[in-house]
Amino acid sequence: SAATTAERAFLRELDAGCTAPVGAYAEPTSVGVHLRGLVASIDGRDLVRVEGEGDPEDVGVRLAHEALVAGAEEILGALRG
């Protein structure tokens, strides 16, 4: 589905593994999907939230890049060691 495509694009672009505290939730809209994404530190103190609408693949990729710039890169880097 379109929602699944957006969610998977977000996770793939972040290179988030199964144990990373990353979430994505998409709902179909008239223009594609509305996607909400979240990246959190293990202790929950650091959070990066992104949200947007558009073509499923494009919005997933775009929001992942927005999250990385907003601090998700540091959060995920700390998890990878």
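Conventions used here
Residues numbered from 1 in each chain as written. Predicted model: local features only at pLDDT ≥ 70, side-chain atom pairs only at ≥ 80, totals over all residues. Heavy atoms only, no water. Pairing = 2+ DSSP bridges. Helix = DSSP H or I, 4+ residues; strand = E, 2+ residues; numbered from the N terminus. Axes fitted to C-alpha atoms, helices over the stretch in contact; angles between N-to-C directions. Contact = heavy atoms within 4.5 Å. pLDDT = per-residue confidence, 0-100. Buried < 20%, exposed > 50% of the residue type's maximum accessible area, 1.4 Å probe, protein only. Lys, Arg positive; Asp, Glu negative; His and termini not counted. Salt bridge = Lys/Arg side-chain N within 4 Å of Asp/Glu carboxyl O.

Asker: Explain the sheet that holds strand E3 (residues 47-54) to me, using residue names and the numbers behind them.
Answerer: Strand pairing in a sheet takes place through backbone hydrogen bonds and is either antiparallel or parallel in direction. With antiparallel pairing, the three strands of this open sheet are ordered in space as E1-E2-E3. Looking at the sheet topology across the chains shown, the edges are occupied by strand E1 (22-29) and E3. Along the sheet, successive strands turn relative to each other by an average axial angle of 10°, direction set aside. For strand E2 (residues 32-40) and E3, the ladder comprises eight bridges, and the chain directions are antiparallel. Opposite Arg36, over in E3, you have Glu51 as the bridge partner. Docked against the sheet, helix H2 (residues 56-80) engages E1, E2 and E3, running at close to 165° with respect to E3.

Asker: Give me the lowdown on the confidence of the model for the chain, citing residues and values where you can.
Answerer: When pLDDT is averaged along the chain, the result is 94; 100% of the residues meet or exceed 70. The secondary-structure element of the chain with the lowest mean pLDDT is H2, recorded at 94, while E3 shows the highest, at 98.

Asker: Tell me about the side chain of Glu7, and please be specific about residues and values.
Answerer: Inspection of the secondary structure puts Glu7 in helix H1 (residues 2-14). In this structure Glu7 is buried but unpaired, with Arg8 as the nearest side chain of opposite charge at 6.9 Å.

Asker: Could you give me a rundown of the pattern of salt bridges, with the residues and numbers involved?
Answerer: On inspection of all chains with the given rule, the structure shows five salt bridges. With a shortest N-O distance of 2.3 Å, Glu57 and Arg12 are connected by a salt bridge. With Glu57 in helix H2 and Arg12 in helix H1, this residue pair connects regions lying 45 residues apart in the sequence. The residue Asp43 makes a salt bridge to Arg45 at a minimum N-O spacing of 3.9 Å. Neither residue differs from the other here; Asp43 and Arg45 are each classed as exposed. The network of salt bridges with common partners includes Glu27, Arg36 and Glu51.

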